[in-house]
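# An overview of the molecular structure
Okay, here's what each chain looks like letter by letter:
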Amino acid sequence: MIKSFSLLLFICCIFQSYSQKLVYESNGTILNSENQKISPDQVRELLKNNQQLLANYNAGRTKKTIGNVLLYGGMGLFLFNTYYQTLSSNSNYNDTNYDNGSPFALSIVGLASMVVAIPVKIGFSKKIKNVVTEYNNQSAIGYNNPKLDLITNSSGIGLRFILN
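Each residue is numbered by its place in its chain's sequence as written, counting from 1. Confidence filtering applies because this is a predicted model: local features only for residues at pLDDT of at least 70, side-chain atom pairs given and counted only at 80 or more, and all residues used for totals across whole chains, interfaces and linings. Side-chain figures throughout are based on the complete set of non-hydrogen atoms in the structure, without hydrogens or water.

Quick look at the nonpolar core now. The definition of a nonpolar core used throughout is a set of buried Ala, Val, Leu, Ile, Met, Phe, Trp, Tyr and Cys residues joined through side-chain atoms within 4.5 Å. Here the term buried applies to any residue with accessible area under 20% of the maximum for its type, exposed to any over 50%, and partly exposed to those in between, with areas from a 1.4 Å probe on protein chains only. Ranked by internal contacts, the top residues of the largest apolar core, which has 14 residues, are Leu22, Ile30, Val43, Leu47, Tyr57 and Ile128. Going through the elements one at a time, helix 3 (51–89) and helix 4 (105–141) are the ones with two or more residues in this core. The element best represented in this core is helix 4, accounting for five residues. Residues within four places of Leu22 in sequence aside, it is in contact with Ile30, Leu31, Asn32, Ile38, Leu46, Val132, Tyr135 and Asn136. Counting from the N terminus, the helices are DSSP H or I runs at least four residues long and the strands are E runs at least two residues long. By definition, residues are in contact when any of their heavy atoms lie within 4.5 Å.

Structure representation (structure tokens):
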């Protein structure tokens, strides 16, 4: 009885160690159990069996892209306007097409864009972390409904392990 229980426990440990664990690194980078970086396409391939996790991962990647566009676009607008203001204040350079009535409009838009990018980038990070956590919890189970039953009959007692 103890030998068969030990064998069953050993088999469960093998299934547990075989399941692939994912690790979330900063900036949306996902590593596998061997600490090798996995591309987003490979992650999508791993998640193709679970449509909810795949949709959440894709939403997180979209948020990352939007956050990057807002952040770097805002920086670009701010720096462009600052540079242009520096040039226009120089007495050797005068451009009559530039509206001096709102000299800081692009700077304000750029700063607002950078401020909006911060919660967007935080949100993508949380979304991808949740996908990795749920995937690891799902693969820890390994199967949809594993079931362990205690069976008794006139010949003795036994255990039945069912994997669906």
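Next comes the rest of the account.
Summarising the element assignment, Leu150 is placed in strand 4 (residues 147–153). For Leu150, a relative accessible area of 59% translates into the label exposed. Taking the C-alpha atoms as reference points, Leu150 and Arg160, separated by ten residues in sequence, lie 6.3 Å from one another. The contact partners of Leu150, leaving out residues within four places of it in the chain, are Ile157, Gly158 and Leu159.

Two descriptors summarise a pair of aromatic rings, namely the distance from one centre to the other and the angle between the planes of the rings. In this analysis, rings of Phe, Tyr and Trp, with Trp reduced to its six-membered ring, are considered paired at centre separations within 6.5 Å, and the interplanar angle assigns stacked below 30 degrees, edge-to-face beyond 60, and tilted for intermediate values. A complete count under the given rule lists one aromatic pair for this structure. Ring geometry for Phe80 and Tyr84: centres 5.9 Å apart, planes at 25 degrees, overall stacked. Residue Phe80 and its partner Tyr84 are both found in helix 3; the two are separated by four residues, about one turn of the helix. Residue Phe80 is classed as partly exposed on the basis of its relative accessible area, which comes to 46%. Taking the relative accessible area as the measure of exposure, Tyr84 reaches 13% and is therefore buried.

Here we take up a nonpolar patch on the surface. The grouping of Met1, Phe5, Leu148, Leu150, Ile157, Leu159 and Phe161 at the surface amounts to a nonpolar patch, some 730 Å² of accessible area in total. Taken together, the elements giving at least two residues each to the nonpolar patch come down to strand 4 and strand 5 (156–162). The greatest single-element share of the nonpolar patch, amounting to three residues, is contributed by strand 5. Along the polypeptide, Met1 turns up in the segment before helix 1 (2–18). For Met1, a relative accessible area of 65% gives the class exposed. For patch detection, residues must exceed 30% relative accessible area and be free of salt bridges, and they are connected within 9 Å for like charges or within 5 Å for nonpolar side chains (Val, Leu, Ile, Met, Phe, Trp, Tyr). Here, Shrake-Rupley sampling with a 1.4 Å probe gives the accessible areas, and only protein chains in the shown set may cover a residue. Take a side-chain nitrogen of Lys or Arg and a carboxyl oxygen of Asp or Glu: if they are within 4 Å of each other, that pair is a salt bridge.

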